[in-house]
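# A structural walkthrough
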Amino acid sequence: MSRVRIKICGVTSAEIVDTAVAEGVDAIGFVFAESPRQVDTALAAGLMQRLPPWVAAVAVTRHPPAGFSDVLAQLAPAWWQSDRRDLENVILPPGVRSIPVIREGEDTADLPPWFVYEGAQSGRGTTVDWSRAAQLAQRGRMILAGGLNAANVAAAIRTVRPWAVDVSSGVETAPGRKCATLIREFVAAVRQAEREIA
């Protein structure tokens, strides 16, 4: 494990997009589900336009309405992230890939090659069982989510060895209010963990 990818989820402002890009994150998530971090199509389109080609835009949903594929076709994100059952039997627009969310406690007998692993609810700051996550991380490219922040992400990386980490509430001063300083501290903690492991 030489490099841990970083996704900042629930971004709603140009300032935070620019901060995340400057810090070298790999992906930014835009939440379309009901949440303090929810964006509409127009706002998401404007924010996605600020991303360089090497930073992936991720459309994040949970039980989206019928016809959400039309939103995907309009925005053309790199990824569509949603619960596994939301992604069954869907037709994706060209260039959009799906990444399922596997929630703690779900059946993990058949894991996809890429997946987000988190708790029963998103954006609540609750960590998953890292020892269980470590077992699952050996079976695919796991994006570890749930309760991560600058204070605990290094320990999470050492324990779980995920392919990527995903943070939302852990870089906020209030629900939906991302903080540039907290993002910088989170990225620095991930990079320090990488150096320690290497």
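See the structure printed just above.
My aim in this report is to walk through the structure given alongside it, one point at a time. (Residues numbered from 1 in each chain as written. Predicted model: local features only at pLDDT ≥ 70, side-chain atom pairs only at ≥ 80, totals over all residues. Heavy atoms only, no water.)

## Things to note about the overall build of the protein chain
This is how it is decided: Helix numbering and strand numbering both begin at the N terminus, where a helix is a DSSP run of H or I of at least 4 residues and a strand a DSSP run of E of at least 2. Radius of gyration: C-alpha atoms only; globule rule: 2.2 Å multiplied by the number of residues to the exponent 0.38. Residue exposure (1.4 Å probe, protein chains only): buried if accessible area is under 20% of the type maximum, exposed if over 50%, otherwise partly exposed. Residue burial considers only the protein chains on display, and all accessible areas are found by Shrake-Rupley using a 1.4 Å probe.
Within the protein chain, the regular secondary structure consists of six helices and ten strands. Computed over C-alpha atoms, the radius of gyration of the protein chain comes to 16 Å, within 12% of the 16 Å expected from 2.2 N^0.38 for 198 residues, which places it in the range of a compact globule. Overall size of the protein chain, expressed as C-alpha extent along the three principal axes, is 45 × 40 × 30 Å. Each of the 198 residues in the protein chain was classed as buried or not, and the buried ones make up 51%. Carbon and sulfur atoms make up 49% of the accessible area of the protein chain, which totals about 9200 Å².

## Quick look at the pattern of salt bridges
Basically, it comes down to this: One side-chain nitrogen of Lys or Arg within 4 Å of one carboxyl oxygen of Asp or Glu is enough to make a salt bridge.
With the rule as written, the count across this model stands at twelve salt bridges. Residue Arg-184 is joined to Glu-23 by a salt bridge in which the shortest nitrogen-to-oxygen separation is 3.8 Å. Of this pair, Arg-184 sits in helix H6 (residues 180–197) while Glu-23 is found in the loop between helix H1 (14–22) and strand S2 (27–31), placing the two residues 161 residues apart along the sequence. Overall, the relative accessible area of 27% leaves Glu-23 in the partly exposed class. Among the ionic pairs, Arg-37 bridges to Glu-172, the shortest N-O distance being 2.7 Å.

## Section: the pairing of strand S4 (residues 79–83)
Consecutive side chains along a regular strand alternate between the two faces of the sheet. The criterion, for reference: A pair of strands is treated as paired once DSSP finds two or more bridges between them. Consider the strands pointing away from the viewer: the crossover is right-handed when the path from the first strand over the helix to the second runs clockwise.
Taking burial as the measure, the five residues of S4 include five buried ones, the bulk of the element. Note that strand S3 (residues 56–60) and S4 share three bridges and pair parallel. Paired with Ala-59 across the two strands is Trp-80, which belongs to S4. A crossover links S3 with its parallel partner S4, the connecting element being helix H3 (residues 68–75), and its sense is right-handed. Of the pairings in the sheet, the one linking S4 to strand S5 (residues 97–103) comprises five bridges and is parallel in character. Each bridged residue has a counterpart across the sheet, and for Trp-80 the counterpart in S5 is Ser-98.

## What about the packing of helix H5 (residues 153–160) against H6?
The test is simple: Axis lines are fitted to C-alpha atoms, over the contacting stretch for helices. Their N-to-C directions set the angle, which ranges from 0 to 180 degrees. Put simply, a crossing is left-handed when the front helix is turned counterclockwise from the back one by less than a right angle, and right-handed when it is turned clockwise. Note on definitions: a residue-residue contact is assigned when non-hydrogen atoms from the two residues lie within 4.5 Å. Residue classes follow a fixed rule: Ala, Val, Leu, Ile, Met, Phe, Trp, Tyr, Cys and Pro count as nonpolar, while Asp, Glu, Lys and Arg count as charged, and any other residue, Gly among them, counts as polar.
Across the interface, H5 lies against H6 with an axial gap of 8 Å and an inter-helix angle of 35 degrees. Regarding H5 and H6, the two cross each other, and that crossing is right-handed. Taken together, the residues of H6 that come into contact with H5 (itself represented by Val-153, Ala-154, Ile-157 and Arg-158) are Phe-186, Ala-189, Val-190, Ala-193, Glu-196 and Ile-197. Here the contact of H5 with H6 is composed, by residue class, of eight nonpolar, no polar and two charged.

## Structural notes on the side chain of Glu-172
Our working definition: For this analysis, a polar contact is any N or O atom pair within 3.5 Å, provided that within protein one partner can donate a hydrogen and the other can accept it, and provided that sequence-adjacent residues contribute only side-chain to side-chain pairs.
Structurally, the position occupied by Glu-172 is in strand S9 (residues 172–174). Glu-172 gets classed as buried once you look at its relative accessible area, which sits at 11%. Here the side chain of Glu-172 touches Arg-37 through a polar contact of 2.7 Å, side chain to side chain. For Glu-172, the side chain forms a polar contact with the side chain of Lys-178, separated by 2.5 Å. Aside from chain neighbours lying at most four places away, what touches Glu-172 is Arg-37, Arg-177, Lys-178, Cys-179 and Leu-182.

## Focus on the sheet that holds S4
Taken in spatial order, the eight strands of this closed barrel run S1-S2-S3-S4-S5-S6-S7-S8, and their pairing is parallel. Direction aside, the axes of adjacent strands within the sheet are offset by 25 degrees on average. Pairing of S2 with S3, which is carried by five bridges, proceeds in the parallel orientation. Among the inter-strand pairings, Val-31 is bridged to a residue of S3, identified as Val-60.

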